[in-house]
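Tertiary structure, described
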Amino acid sequence: MRNWILARFEEECVVMLDDDITACVCMIAPKVRKLSPAETVAMIGNTAFCARGAGACLFGWHQRPDPRLLQRNDPFGVNHWTGGALGVIGREPNWDPLLRCKCDIDASLNELMERRIVWTDARFCFLQERDKNLGGNSLFRSADRIAAEKRYLKSKWKAHIRFETYKSQERTAIDAPRRQPVSLDV
């Protein structure tokens, strides 16, 4: 679907929001606050502008709406995966047509491998229920399909991807460090 959207729209920047998104939240304050539609549009435009300035072709937002995860002195990421709500600048990123459920993770890792940057604004998060709602990909989604896609991604990306369970929720983590380790030993 994402490849089809990019082929059909000629705009320099295309933002795609999954159909199960219920809200966009700001996580800068200790209490998460829902953004109004006008604030959400402004935030999306600002993120796209920043991503373009940084040279990213793929951009998005934090994946979990937990303000404790936000590092206030490091609110922007360049090596995280994005999905559910994401933007594409240009036409470079391509999604693997074999993947229907875990395609955004693969596209993010491809971007990190090829162009070395995926811009993520961790101050905001789009709320959604992953792999549970009806509509959209639910016609293709099954426990077997998701398990097969996880196996495919694990074989393709090896140590760069981890699938974990945390408090009965599935969690996907990627390991694509972009900073050199620093040692203060002199």
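Relevant structure appears above.
For the structure given in this document, a descriptive report is provided here. (Residues numbered from 1 in each chain as written. Predicted model: local features only at pLDDT ≥ 70, side-chain atom pairs only at ≥ 80, totals over all residues. Heavy atoms only, no water.)

All right, on to the pattern of salt bridges then. What the rule picks out here adds up to 15 salt bridges. Its salt-bridge partner being Glu12, residue Arg52 comes within 2.9 Å of it at the nearest N-O pair. Residue Arg52 is located in helix α2 (residues 37-54), and its partner Glu12 is located in the loop between α1 (2-8) and β1 (13-17); the two are separated by 40 residues in the primary sequence. For Arg52, a relative accessible area of 51% puts it in the exposed group. A salt bridge links Arg145 to Glu149; the nearest nitrogen and oxygen atoms lie 2.9 Å apart. With Arg145 and Glu149 both in helix α4 (residues 143-157), this residue pair falls four residues apart, about one helical turn. A residue is classified by how much of its surface remains accessible, and Glu149, at 3% relative accessible area, is buried. Overlapping salt bridges bring together Arg162, Glu164, Arg171 and Asp175 as one network. (Salt bridge = Lys/Arg side-chain N within 4 Å of Asp/Glu carboxyl O. Helix = DSSP H or I, 4+ residues; strand = E, 2+ residues; numbered from the N terminus. Buried < 20%, exposed > 50% of the residue type's maximum accessible area, 1.4 Å probe, protein only.)

Before going further, it helps to spend a moment on the environment of Pro177. Turning to its location among the elements, Pro177 is positioned in the segment after β9 (169-174). Looking at Pro177, the relative accessible area reads 61%, which means it is exposed. Measuring from C-alpha to C-alpha, the distance between Pro177 and Leu17 comes to 27 Å, with 160 residues separating the pair along the chain.

The interhelical angle for the contact between helix α3 (residues 103-114) and α4, taken along N-to-C directions, is 10 degrees, at an axis separation of 11 Å. Comparing the axis directions of α3 and α4 gives the class roughly parallel. Between α3, through Asp106, Leu109, Asn110 and Met113, and α4, the contact on the second element is made entirely by Leu153, Lys156 and Trp157. Of the residues contributing to the contact of α3 with α4, the split by class is four nonpolar, one polar and two charged. (Axes fitted to C-alpha atoms, helices over the stretch in contact; angles between N-to-C directions. Parallel < 35°, antiparallel > 145°, perpendicular 65-115°, else oblique. Contact = heavy atoms within 4.5 Å. Nonpolar A, V, L, I, M, F, W, Y, C, P; charged D, E, K, R; others polar.)

All right, on to the packing of aromatic side chains then. Geometrically, a pair of aromatic rings is defined through the distance of the ring centres and the angle of the planes. Taken as a whole and judged by the stated rule, the model has three aromatic pairs. Ring centres of Phe59 and Trp61 lie 5.7 Å apart, and the angle between their planes is 80 degrees; on these two criteria the pair is classed as edge-to-face. Take Phe59 and Trp61: they sit in the same class, and that class is buried. Aromatic side chains Phe76 and Trp119 sit 5.3 Å apart centroid to centroid with 25 degrees between the ring planes, which places their arrangement in the stacked category. A residue pair is termed long-range when its members are at least 10 positions apart, and Phe76 in strand β5 (residues 76-77) and Trp119 in strand β7 (residues 119-128) qualify at 43 residues. A residue is classified by how much of its surface remains accessible, and Phe76, at 31% relative accessible area, is partly exposed. Under the relative-accessibility criterion, Trp119 is labelled buried at 13%. (Phe/Tyr/Trp six-rings, centres within 6.5 Å; stacked < 30°, edge-to-face > 60°.)

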